[in-house]
Amino acid sequence: MTSRLLLRGPAGALALAGALAAGAGAAGPAAAADAPLLAPPGASSCTGCHASRPLPDSSIPRIAGRKAGEIVDFMNNYRSGAWPSSVMGRIAKGFDEQQIAAIAAWFAAQPQ
Amino acid sequence: MATRRTFLRISAAAGLAAPSIVSAQAPGRVVVLGGGFAGATAARTLKALQPSLDVTLVEPNPIYTSCPFSNNVLAALRELSQQQFGYDAVRKSGVTLARTAATAVDAEARTVTLADGNRLSFDRLVMAPGIDINWTALPGYDEAAAQKMPHAWKAGPQTTLLRDQLQAMEDGGLVVMSAPANPFRCPPGPYERASLVAYWLKIWKPKSKLLILDSKDAFSKQRLFQNAWAQLYPGLVEWVPLSQGGKVTSVDPATLTFVTDFGRHKAAVGNVIPPQKAGAIAQQAGVADRSGWCPVEPVSFESTLRPGIHVIGDAAIMGGMPKSAFAANAQAKVCAAAIVERLAGRTPPDPILINTCYSLVAPDYGISIAGVYRPDKGVLADVPGAGGVSPLDVVGGFRGQEAQNAASWFRTITAEVFG
């Protein structure tokens with residue numbers, strides 16, 4: 001619980017994104033210093049289906065607070081078609097590895 | 001440790017990550033016009049991202065009635081009350097509600113005049129007026145005609161009027177629906193409506209037929225819809241495209257007649273889905289062009305005609321993005337983040353947006369279309385290789401799962417925006 005709260009801030013999210021993207025330019029320390037709670041490109045659309053707060057009786061899983069590595073795995077498997085899906089395969093194909101890593105890190109840093 | 005944790009939590013909540021900029025700046029005033037999926041999302045997101053902002057949402061209706069899932073009301077699968085949402089949660093998020101209409105926008109003076117006589121000043125204005133019916137575009141179709149031949153394209157009394165007409169119709173009656181040329185609100189909507197009305201007719205009025213007169217030769221998810229009609233409602237649904245005389249050139253509400261260049265179709269129940277344009281305040285504010293819709297740049301959705309005014313949702317021209325509730329919600333979140341950035345003196349980054357639209361062709365049979373969009377050459381363009389519609393051939397419970405996902409999407413988005 002404590003570690004999750006510590007990671008809620010932008011610095012935590014961007015640091016994680018940086019780690020996952022292996023030094024991607026957008027996630028450098030300068031960006032972290034200037035940015036408010038700015039979701040990486042694409043992330044804010046996700047909560048149209050994946051509820052930002054707990055929601056009962058939904059067939060669509062929440063992604064807030066999940067491990068970043070899990071989210072990256074999901075997206076990669078959807079994108080490659082390795083996992084069958086309805087809309088997620090079509091959506092995942094619109095994102096590259098760095099974008100997926102940044103989105104995953106941002107959601108991992110959100111409250112579960 | 002406790003102190004550091006507290007500081008980080010407050011930072012996260014209050015957006016103090018850049019104290020040198022934020023604290024030096026007077027709080028911005030943002031006015032949002034229209035409390036639908038776009039406007040209500042924008043107001044809440046602005047407040048969540050930057051609680052020091054003064055955010056006022058101008059919306060005359062105390063209750064919002066959602067168009068998504070309102071076709072289920074026509075098929076007696078839902079009550080209209082299940083489509084309705086209040087603004088309590090929006091208010092509790094710190095947004096000031098002005099329960100009145102905006103009557104004028106002065107882009108130069110940066111003020112909005114309200115019907116209650118007040119005037120609001122803004123640093124940034126977000127306009128989310130949705131659609132208005134273009135009452136001059138289809139001869140014979142005016143506001144009085146809509147009481148005889150409902151459009152039901154703004155959910156509410158029009159929805160229940162059309163439902164009640166269907167229920168009062170004798171078995172064997174002809175239901176006629178006209179669909180407009182692009183662009184219009186909810187591109188798959190007329191065909192979802194046709195599907196669910198056909199579902200209902202098949203059970204309750206099985207001798208009846210449904211005729212769709214279309215001003216287009218192609219429509220969203222077309223093959224999926226047509227395959228489903230052939231499978232589920234054989235002989236019940238007939239679609240007449242533009243090239244076969246489907247364009248309705250006038251209507252006669254007294255006799256419920258649709259007139260095309262090729263003939264006249266007298267209906268037992270007539271549903272006119274008419275040509276549309278951006279809500280009237282957009283025309284008054286000068287943010288709509290000659291098309292009736294509002295051109296915007298693709299990063300923060302600022303009007304290309306009136307600086308300082310952002311337009312989101314169905315009223316805006318969003319390149320490849322369709323006019324959907326999902327798109328409106330996605331655009332609102334991007335717009336709100338961009339406004340926070342710009343008020344702080346920063347340049348917002350290029351966004352990526354997603355759209356997902358589900359349609360039901362039966363209560364347990366869903367189909368979808370999705371897209372991913374980014375700015376390209378001044379417009380929001382489809383990201384190549386992404387997006388598309390549900391597969392034509394599926395196995396197992398695919399359609400049923402998409403129907404479930406449609407319902408889950410609706411619960412999610414209404415909770416996100418109004419809950």
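1. What to know about the overall build of chain A
The helix and strand inventory of chain A stands at seven helices and zero strands. Counted from the first residue to the last, chain A has its helices and strands arranged as α-α-α-α-α-α-α. Counting over 112 residues, chain A shows a buried share of 50%. Counted over contacts in chain A with a minimum sequence separation of 6, partners at least 24 positions apart contribute 64%.

2. Some remarks on the domain arrangement of chain B
Where interface size is quoted, it is often the accessible area lost as the parts come together. Residues and elements named next belong to chain B. Assigned domains of chain B: these are domain 1 (27-130 + 279-418) and domain 2 (145-274). Centre-to-centre, using C-alpha coordinates, domain 1 lies 27 Å away from domain 2. Every contact between the two is made by 28 residues of domain 1 and, on the other side, 29 residues of domain 2. Every element with two or more residues in the side of domain 1 that touches domain 2 is listed here: α4 (70-74), β22 (353-362) and β23 (365-376). Of the residues assigned to the side of domain 1 that touches domain 2, the class counts are 17 nonpolar, nine polar and two charged.

3. Some thoughts on the pairing of strand β16 (residues 263-266) of chain B
All names here are of chain B. Bridge analysis of strand β15 (residues 257-260) against β16 gives four bridges, and the strand direction is antiparallel. Its bridge partner being in β16, Thr 260 is matched across the sheet by Gly 263. As consecutive antiparallel partners, β15 and β16 are separated by two residues.

4. Quick word on the sheet that holds strand β8 (residues 119-121) of chain B
Residues and elements named next belong to chain B. Spatially, three strands are ordered β6-β7-β8 in an open sheet, and the strand pairing comes out antiparallel. Only two strands of the sheet have a single neighbouring strand rather than two, namely β6 (102-106) and β8. Within the sheet, the average angular offset between the axes of one strand and its neighbour, ignoring direction, is 20°.

5. Overview of the nonpolar core
Residue and element names in this part refer to chain B. Among the nonpolar cores identified, the biggest contains 153 residues, and Val 32, Ala 42, Met 127, Val 311 and Ile 312 are the most heavily contacted of them. Taken domain by domain, the makeup of this core includes at least three residues from each of domain 1 (27-130 + 279-418) and domain 2 (145-274). Ignoring sequence-local partners within four residues, the contact set of Met 127 consists of Leu 33, Gly 34, Ile 281, Ala 282, Ala 285, Val 287, Ile 309, His 310, Val 311 and Ala 315.

6. Points about helix α8 (residues 222-232) of chain B
Residue and element names in this part refer to chain B. For α8, the complete set of buried residues consists of Leu 224, Phe 225, Ala 228 and Trp 229. All buried residues of α8 project into a common sector of 130° when viewed along the axis, lining one side. Pointing more than 90 degrees away from the buried face of α8 are the exposed residues Arg 223, Ala 230 and Gln 231. On its buried side, α8 packs onto α7 (189-204), β13 (237-240), β22, β23 and β25 (388-389).

Reading guide: rules and limits
- Residues numbered from 1 in each chain as written.
- Chains lettered and ligands numbered in written order.
- Predicted model: local features only at pLDDT ≥ 70, side-chain atom pairs only at ≥ 80, totals over all residues.
- Helix = DSSP H or I, 4+ residues; strand = E, 2+ residues; numbered from the N terminus.
- Buried ≥ 20, exposed ≤ 12 C-beta atoms within 10 Å, placed from the backbone.
- Contact = placed C-beta atoms within 7 Å.
- Domains from an automatic or database assignment.
- Nonpolar A, V, L, I, M, F, W, Y, C, P; charged D, E, K, R; others polar.
- Pairing = 2+ DSSP bridges.
- Axes fitted to C-alpha atoms, helices over the stretch in contact; angles between N-to-C directions.
- Core = buried A, V, L, I, M, F, W, Y, C linked by C-beta atoms within 7 Å.
- Arc of directions from axis to C-beta.

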